[in-house]
Amino acid sequence: MKRIGRNPLWHSASRAAVVCLSLLSLLAAPAAAADEAIELRVRADQPGDTISRYLYGQFAEHLGRGIYEGIWVGEDSEIPNTRGFRNDVIAALKELEIPVIRWPGGCFADEYDWRDGIGPREERPVRINTHWGWVLETNAFGTHEFFDLVEMLGSEAYIAGNVGSGSPRDMAQWLEYMTADNDTTLARLRRANGRDEPWKVPFFGVGNETWGCGGNMTPEYYTDLYKRYATFLKAPEGNRPKRVASAGWDHHTNWTEALASGVERGIDGISHHYYTIPSGVWAKKGNSTGFPEEEWVSTLDRTMLIDGYLAANEAVLDEHDPEGEIGIYLDEWGTWYDPEGGHEPGFLYQQNSIRDAVVAALNFHIFHRHTARLHMANIAQTVNVLQAVVLTEGDRIVRTPTYWAFDLYKPFKDATFVPIEPGETGEYSLGEVSVPQLSATAALTVEGDLVVGLVNLHASEAIDVAVDLEGFAAAKASGRVLMGDSIDAHNTFENPNAVKPEVLAVSLDGGDFTARLPPRSVSVVRLRP
Ligand code: AHR
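Bear in mind that the values here come from a model prediction, so they are computed numbers and not experimental data.

Participant: Explain the overall build of the protein chain to me, using residue names and the numbers behind them.
Facilitator: Looking only at helices and strands, the protein chain features 12 helices and 29 strands. For the protein chain, whose C-alpha radius of gyration is 23 Å, the value lies close to the compact-globule estimate of 24 Å for 529 residues. In terms of principal-axis extent, the alpha carbons of the protein chain reach across some 75 × 55 × 45 Å. A fraction of 77% describes how many contacts in the protein chain between residues 6 or more apart in sequence connect residues 24 or more apart. Looking at the protein chain as shown, the accessible area adds up to about 19,900 Å², and 50% of this sits on carbon and sulfur atoms. Across the protein chain, 46 positive and 75 negative side-chain charges occur, with their mean positions spaced 4 Å apart.

Participant: Hey, could you go over a nonpolar patch on the surface for me, with residue numbers and the actual values?
Facilitator: A surface patch of nonpolar side chains, about 450 Å² in accessible area, is lined by Val-126, Ile-128, Trp-134 and Leu-136. For Trp-134, the position within the fold is in the loop between β7 (127-129) and β8 (135-137).

Participant: Report on the state of the cysteines, specifying residues and quantitative values.
Facilitator: Enumeration according to the criterion identifies one disulfide in this entry. Between the sulfur of Cys-107 and that of Cys-213 lies a disulfide, 2.2 Å long from S to S. Across the disulfide from Cys-107 to Cys-213, rotation about the S-S bond amounts to roughly -85 degrees, and the bridge is consequently left-handed. Of this pair, Cys-107 sits in the loop between β6 (100-103) and β7 while Cys-213 sits in the loop between β10 (203-206) and α7 (219-231), placing them 106 residues apart in sequence.

Participant: Break down the packing of aromatic side chains for me, citing the residues and quoting the values.
Facilitator: In total, this model carries 31 aromatic pairs according to the counting rule given. Measuring from centroid to centroid gives 4.6 Å for Tyr-56 and Phe-364, while their planes differ by 50 degrees, and the two rings are tilted. Highlighted residues: Tyr-56 in the loop between β2 (33-43) and β3 (57-59) and Phe-364 in helix α11 (residues 354-369), separated in sequence by 308 residues. The exposure class of Phe-364 is buried, given its relative accessible area of 0%. Geometrically, the ring pair formed by Phe-203 and Tyr-329 is edge-to-face, given 6.2 Å between the ring centres and 65 degrees between the ring planes. Here Tyr-329 lies in strand β13 (residues 327-335) and Phe-203 lies in strand β10, a separation of 126 residues in the sequence. Judged by relative accessible area, Phe-203 falls into the buried class, the value being 5%. Ring-pair connections join several aromatic residues into one group, and the members of that group are Trp-72, Phe-85, Trp-103, Phe-108, Tyr-112, Phe-141, Phe-146, Phe-147, Trp-174, Trp-199 and Phe-204. Sitting over the ring of Phe-291, Arg-355 keeps its end group 3.5 Å from the ring centre.

Participant: I'd love a proper account of the environment of Gly-280, names of residues and values included.
Facilitator: If you trace the backbone, Gly-280 turns up in the loop between β12 (269-276) and α9 (293-303). On the basis of relative accessible area, Gly-280 is assigned to the partly exposed category, the value being 38%.

Participant: Provide a residue-level description of the side chain of Asp-321, including the pertinent values.
Facilitator: Looking at where Asp-321 falls in the secondary structure, it is placed in the loop between α10 (306-320) and β13. Contact partners of Asp-321, with chain neighbours within four places excluded, come to Ile-326 and Arg-373.

Participant: Give a detailed account of the environment of Val-390, specifying residues and quantitative values.
Facilitator: Its location among the elements puts Val-390 in strand β15 (residues 390-393). In this structure Val-390 comes out as buried when scored by relative accessible area, which is 0%. Setting aside residues up to four positions removed in sequence, Val-390 forms contacts with Val-89, Ala-92, Leu-93, Thr-382, Val-383, Asn-384, Ile-397, Val-398, Thr-400 and Tyr-403.

Participant: Describe the packing of α9 against α11, with residues and values.
Facilitator: Close contact between α9 and α11 brings their axes to 10 Å; oriented N to C, the two are set at 20 degrees. In terms of orientation, α9 and α11 fall into the roughly parallel class. Judged by the twist between their axes, the crossing of α9 over α11 is right-handed. Facing Glu-295, Trp-296, Thr-299, Leu-300 and Thr-303 of α9, the residues of α11 in contact are Ile-354, Arg-355, Val-358, Val-359, Leu-362 and Asn-363. The residue inventory of the contact of α9 with α11, partitioned by class, reads six nonpolar, three polar and two charged.

Participant: Could you give me a rundown of the sheet that holds strand β9 (residues 156-161), with the residues and numbers involved?
Facilitator: Hydrogen bonds between backbone atoms are what pair the strands of a sheet, whose relative direction is either parallel or antiparallel. Reading around the barrel, the eight strands line up as β3-β6-β9-β10-β11-β12-β13-β14 and close back on themselves, with parallel pairing between neighbours. Put simply, the sheet's adjacent strands are angled 25 degrees from each other on average, direction ignored. Pairing between β13 and strand β14 (residues 374-380): four bridges, direction parallel. Bridge pairing links Leu-330 to Ala-377 in β14. Against the sheet, helix α4 (residues 143-153) touches β6 and β9, its axis set at about 150 degrees to β9. On the sheet, α7 packs against β10 and β11 (242-246) and is oriented at approximately 155 degrees with respect to β11.

Conventions used here
- Residues numbered from 1 in each chain as written.
- Predicted model: local features only at pLDDT ≥ 70, side-chain atom pairs only at ≥ 80, totals over all residues.
- Heavy atoms only, no water.
- Helix = DSSP H or I, 4+ residues; strand = E, 2+ residues; numbered from the N terminus.
- Rg over C-alpha atoms; globule rule 2.2 N^0.38 Å.
- Contact = heavy atoms within 4.5 Å.
- Areas by Shrake-Rupley, 256 points an atom, 1.4 Å probe, with all protein chains shown as cover.
- Lys, Arg positive; Asp, Glu negative; His and termini not counted.
- Charge placed at Lys NZ, Arg CZ, Asp CG, Glu CD.
- Patch = residues over 30% accessible without salt bridge, like charges linked within 9 Å, V, L, I, M, F, W, Y side chains within 5 Å.
- Salt bridge = Lys/Arg side-chain N within 4 Å of Asp/Glu carboxyl O.
- Disulfide = S-S within 2.5 Å.
- Phe/Tyr/Trp six-rings, centres within 6.5 Å; stacked < 30°, edge-to-face > 60°.
- Buried < 20%, exposed > 50% of the residue type's maximum accessible area, 1.4 Å probe, protein only.
- Lys NZ or Arg CZ within 6 Å of the ring centre and 35° of its normal.
- Axes fitted to C-alpha atoms, helices over the stretch in contact; angles between N-to-C directions.
- Parallel < 35°, antiparallel > 145°, perpendicular 65-115°, else oblique.
- Left-handed = near helix turned anticlockwise from the far one by under 90°.
- Nonpolar A, V, L, I, M, F, W, Y, C, P; charged D, E, K, R; others polar.
- Pairing = 2+ DSSP bridges.

Written out as structure tokens, the structure is:
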């Protein structure tokens with residue numbers, strides 16, 4: 001970390017620009033900063049890997065009000081809908097330009113029979129969702145509805161197949177139903193159900209959390225099963241999915257080790273899951289709102305553990321797969337709090353605050369650094385479940401702070417990573433826990449702009465940043481900032497815009513820019529040549 005005295009830029013002619021923007025600054029910087037600026041250097045002269053757009057993926061499971069009510073209300077609903085999909089949610093999700101959606105679970109995937117979810121809806125079997133609330137699963141939302149959603153959103157499909165309670169034949173036939181381009185009985189059935197053309201299936205997961213709800217297996221047993229199931233996953237050339245194996249959830253690498261050493265071919269990815277629990281204790285996780293500052297810091301600290309977990313598993317892959325062909329798919333990540341009062345605990349509904357937005361942005365920064373091996377990341381989950389981007393209640397919706405974090409970081413998709421020195425800096429400590437005060441990331445966008453993401457982790461102090469741009473001559477600068485008036489600031493159905501991006505005042509001078517980052521905030525600065 002390098003803290004410098006107040007940057008000379010603050011005293012130069014550019015100060016006039018800052019003064020002109022003072023009204024906006026007041027809005028964007030409610031707290032005083034320390035009398036020093038943190039200096040960062042963006043190395044646009046050292047471009048790195050492409051930041052995969054799949055790092056901004058979503059996960060939507062048949063869980064609680066995630067699919068039913070949240071996305072699908074049925075054609076007869078009074079909530080305005082298109083073919084059963086609620087218009088307000090689809091519009092909000094469309095704006096996020098979601099690259100990929102994983103479905104139908106989660107734990108649900110390993111009890112799902114795909115045949116239940118095709119054909120006339122009134123004839124579809126009703127089952128029990130044994131994992132999530134023991135509620136009735138009508139199967140009104142099935143394969144055709146999922147691909148309708150994917151196509152409406154301009155997204156791509158990631159199917160999670162059933163290893164725990166299904167057979168290799170069931171899995172193979174589901175893939176055939178989706179992708180067959182000739183005249184097989186399953187292709188005919190798909191056509192009879194309303195879909196002529198095969199769907200694109202770019203990603204297929206072979207089981208989910210096979211160490212737990214997916215079958216309570218050992219890594220060695222699952223490795224053999226993976227080979228068996230993956231052998232029969234066949235599809236026409238040009239539409240063969242990447243096959244993803246289910247693996248671990250923390251710093252342990254035994255699942256990656258077993259798969260990387262035991263599967264010689266037919267594996268494109270190894271899935272990893274990581275949930276951020278404020279206390280780190282499953283039985284008493286912490287609340288989504290109304291939490292103390294200690295839990296603000298512990299949440300940020302615990303979410304950043306993913307950096308080391310990815311590194312540990314990448315090291316195993318580097319050893320077994322030096323060509324870098326097998327990717328890590330972090331296909332579930334996000335915050336997990338204690339159940340919200342007034343909601344069915346099994347539905348995993350939780351509020352979402354500025355803390356969640358900061359968590360999301362910190363994860364994005366980490367993902368960018370791992371993009372060479374990290375091929376995908378899917379936040380859990382899209383609507384009404386865990387760290388959702390959208391919450392619904394009846395015919396009302398709110399875009400959560402996490403939604404706005406995804407919105408701010410849109411320019412990073414498919415952009416070229418550029419190093420930033422230092423990426424994490426400063427120290428913010430409370431009790432025994434210490435996190436950086438500032439986290440930063442940068443990239444060259446597909447349009448040729450430079451974008452810099454900046455997170456102020458401090459609960460109460462603003463930060464002045466002075467950023468040197470190496471190898472990029474910026475002529476224009478603009479910024480957006482997401483902040484909250486408290487550490488649990490959030491959007492409600494009554495006040496849906498309490499946490500929403502605002503203009504960040506950015507001052508450009510020669511090759512540098514300065515900005516004041518409000519406490520507990522996420523900012524993205526865009527520089528144009
Ligand atoms: O996202 C909720 C659950 O968390 C998923 O169903 C499961 O895979 C994980 O344990």
